[in-house]
Amino acid sequence: MSHVSPDNDDQAPGSKKGLSLPISRVRLIMKSSPDVSNINQEALFLTTKATEMFVQHLALSSFNNGQGKESRSLSYSDLANAAEEMETFQFLTDILPKKILARDYLKSLEQMQEEEEAVDL
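Within every chain, residues take consecutive numbers counted from 1 along the sequence as written. Local features in a predicted model are, by the rule used here, given only for residues with pLDDT of at least 70; side-chain atom pairs are given and counted only at 80 or more, and totals for whole chains, interfaces and linings are based on all residues. Side-chain descriptors were evaluated using all non-hydrogen atoms of the structure, hydrogens and water having been removed beforehand.

Draft legend 1. Broad picture of the overall build of the protein chain. Scanning the protein chain from terminus to terminus reveals 5 helices and 0 strands. Counting all 121 residues of the protein chain, 19% fall into the buried class. Every residue pair with non-hydrogen atoms within 4.5 Å of one another is taken to be in contact. Look at the contacts in the protein chain between residues 6 or more apart in sequence, and 34% of them connect residues 24 or more apart. Reported accessibility uses the Shrake-Rupley method at a 1.4 Å probe radius. Residues are deemed covered only where the shown protein chains occlude them. Summed over its atoms, the accessible surface of the protein chain is roughly 9900 Å², and 53% of this surface lies on carbon and sulfur atoms. We count a stretch as a helix when DSSP gives it H or I for four or more residues in a row; a strand needs E for two or more, and each element gets its number in order from the N terminus. With a 1.4 Å probe rolled over the protein chains alone, any residue whose accessible area is under 20% of its type maximum counts as buried; one over 50% counts as exposed, and the rest are partly exposed.

Draft legend 2. Focus on a nonpolar patch on the surface. Together, Ile100, Tyr105, Leu106, Leu109 and Met112 make up an exposed nonpolar region whose accessible area comes to about 490 Å². With respect to the secondary-structure elements, tyrosine 105 resides in helix H5 (residues 102-120). Tyrosine 105 gets classed as partly exposed once you look at its relative accessible area, which sits at 43%. Residues qualify for a patch when their relative accessible area is over 30% and they have no salt bridge, like charges being joined within 9 Å and the nonpolar side chains of Val, Leu, Ile, Met, Phe, Trp and Tyr within 5 Å. The salt bridge definition used is simple: a Lys or Arg side-chain nitrogen within 4 Å of an Asp or Glu carboxyl oxygen.

Draft legend 3. Region of interest: the packing of helix H1 (residues 23-31) against helix H2 (residues 41-65). Each axis is a line fitted through C-alpha atoms, and for a helix only the stretch in contact is used; angles between axes span 0 to 180 degrees, taken between their N-to-C directions. Relative to each other, H1 and H2 sit at 105°, their axes nearing to 10 Å. On the basis of the axis angle, H1 is roughly perpendicular to H2. Taken together, the residues of H2 that come into contact with H1 (itself represented by Ile23, Val26, Arg27 and Met30) are Gln41, Leu44, Phe45, Thr47 and Thr48. Gly is placed with the polar residues, together with every amino acid not listed as nonpolar (Ala, Val, Leu, Ile, Met, Phe, Trp, Tyr, Cys and Pro) or charged (Asp, Glu, Lys and Arg). Classifying every residue of the contact of H1 with H2 gives 5 nonpolar, 3 polar and 1 charged. These descriptions rest on fixed angle ranges, namely under 35 degrees for roughly parallel, over 145 for roughly antiparallel, 65 to 115 for roughly perpendicular, and the rest for oblique.

So far we have only geometry, and geometry alone does not tell us how the molecule works.
This is the structure we're talking about:
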(Lines give C-alpha, C1' and ligand atoms only; values in the text may rest on other atoms or scores of the structure.)
Protein backbone atom coordinates (compact mmCIF):
# COMPACT_ATOMS: atom_id res chain seq x y z
CA MET A 1 0.00 0.00 0.00
CA SER A 2 1.51 3.29 -1.03
CA HIS A 3 1.35 6.31 1.18
CA VAL A 4 0.49 9.55 -0.59
CA SER A 5 2.01 12.55 1.07
CA PRO A 6 0.85 16.07 0.28
CA ASP A 7 3.44 17.85 -1.79
CA ASN A 8 4.01 21.53 -2.03
CA ASP A 9 4.50 21.12 -5.77
CA ASP A 10 1.16 22.81 -6.40
CA GLN A 11 2.69 25.99 -4.98
CA ALA A 12 5.78 25.84 -7.18
CA PRO A 13 6.35 28.44 -9.89
CA GLY A 14 5.18 27.23 -13.24
CA SER A 15 2.39 25.20 -11.68
CA LYS A 16 -1.01 26.77 -11.99
CA LYS A 17 -2.45 24.63 -9.21
CA GLY A 18 -3.28 26.52 -6.08
CA LEU A 19 -4.13 29.70 -7.99
CA SER A 20 -7.63 31.14 -8.19
CA LEU A 21 -6.90 34.13 -10.38
CA PRO A 22 -6.33 33.52 -14.08
CA ILE A 23 -2.60 33.91 -14.63
CA SER A 24 -3.19 35.21 -18.18
CA ARG A 25 -5.15 38.19 -16.79
CA VAL A 26 -2.39 39.02 -14.34
CA ARG A 27 0.13 38.84 -17.21
CA LEU A 28 -2.08 41.18 -19.27
CA ILE A 29 -2.29 43.68 -16.41
CA MET A 30 1.45 43.52 -15.82
CA LYS A 31 2.19 44.03 -19.53
CA SER A 32 -0.09 47.08 -19.60
CA SER A 33 2.70 48.96 -17.81
CA PRO A 34 5.04 50.70 -20.25
CA ASP A 35 7.97 49.82 -17.97
CA VAL A 36 7.45 46.07 -18.38
CA SER A 37 8.79 44.29 -21.44
CA ASN A 38 9.35 40.67 -20.35
CA ILE A 39 7.73 38.83 -17.48
CA ASN A 40 9.54 35.96 -15.82
CA GLN A 41 7.28 32.94 -15.08
CA GLU A 42 8.33 32.91 -11.43
CA ALA A 43 7.58 36.62 -11.08
CA LEU A 44 4.21 36.11 -12.73
CA PHE A 45 3.35 33.23 -10.42
CA LEU A 46 4.46 35.11 -7.30
CA THR A 47 2.58 38.27 -8.31
CA THR A 48 -0.57 36.23 -8.90
CA LYS A 49 -0.22 34.42 -5.58
CA ALA A 50 0.52 37.67 -3.69
CA THR A 51 -2.54 39.29 -5.28
CA GLU A 52 -4.73 36.38 -4.21
CA MET A 53 -3.36 36.56 -0.67
CA PHE A 54 -3.95 40.32 -0.53
CA VAL A 55 -7.55 39.99 -1.74
CA GLN A 56 -8.14 37.23 0.80
CA HIS A 57 -6.67 39.38 3.59
CA LEU A 58 -8.81 42.36 2.56
CA ALA A 59 -11.95 40.22 2.44
CA LEU A 60 -11.30 38.56 5.81
CA SER A 61 -10.43 41.84 7.51
CA SER A 62 -13.50 43.52 6.04
CA PHE A 63 -15.72 40.62 7.06
CA ASN A 64 -14.36 40.43 10.61
CA ASN A 65 -14.52 44.19 11.20
CA GLY A 66 -17.74 44.83 9.31
CA GLN A 67 -21.32 43.82 9.70
CA GLY A 68 -20.80 40.66 7.68
CA LYS A 69 -20.48 38.51 10.78
CA GLU A 70 -24.11 39.05 11.68
CA SER A 71 -25.48 38.36 8.21
CA ARG A 72 -22.68 35.94 7.23
CA SER A 73 -22.05 37.97 4.09
CA LEU A 74 -19.55 40.51 2.83
CA SER A 75 -20.86 43.73 1.34
CA TYR A 76 -19.32 46.63 -0.54
CA SER A 77 -19.85 48.85 2.49
CA ASP A 78 -17.74 46.44 4.61
CA LEU A 79 -14.90 46.78 2.08
CA ALA A 80 -15.27 50.58 1.92
CA ASN A 81 -15.27 50.84 5.72
CA ALA A 82 -12.13 48.72 5.96
CA ALA A 83 -10.42 50.93 3.37
CA GLU A 84 -11.35 54.05 5.29
CA GLU A 85 -10.83 52.88 8.87
CA MET A 86 -7.90 50.45 8.72
CA GLU A 87 -4.49 52.03 8.17
CA THR A 88 -3.31 49.02 6.16
CA PHE A 89 -5.96 49.60 3.50
CA GLN A 90 -6.16 53.39 3.42
CA PHE A 91 -4.47 53.48 0.01
CA LEU A 92 -7.70 51.95 -1.34
CA THR A 93 -10.00 54.80 -0.29
CA ASP A 94 -10.08 56.23 -3.83
CA ILE A 95 -10.87 52.81 -5.29
CA LEU A 96 -13.41 51.82 -2.63
CA PRO A 97 -15.18 55.04 -1.67
CA LYS A 98 -18.16 54.96 0.62
CA LYS A 99 -21.38 55.05 -1.32
CA ILE A 100 -23.54 58.12 -0.94
CA LEU A 101 -26.98 58.89 -2.28
CA ALA A 102 -27.20 61.14 -5.32
CA ARG A 103 -29.25 63.71 -3.42
CA ASP A 104 -26.59 63.89 -0.70
CA TYR A 105 -23.88 64.35 -3.32
CA LEU A 106 -25.87 67.09 -5.04
CA LYS A 107 -26.34 68.87 -1.69
CA SER A 108 -22.61 68.76 -0.94
CA LEU A 109 -21.85 69.93 -4.49
CA GLU A 110 -24.26 72.85 -4.04
CA GLN A 111 -22.63 73.76 -0.73
CA MET A 112 -19.18 73.69 -2.30
CA GLN A 113 -20.36 75.98 -5.12
CA GLU A 114 -21.91 78.40 -2.60
CA GLU A 115 -18.67 78.46 -0.61
CA GLU A 116 -16.66 79.17 -3.77
CA GLU A 117 -19.02 82.01 -4.68
CA ALA A 118 -18.70 83.45 -1.18
CA VAL A 119 -14.89 83.37 -1.45
CA ASP A 120 -14.97 85.03 -4.89
CA LEU A 121 -17.00 87.97 -3.55
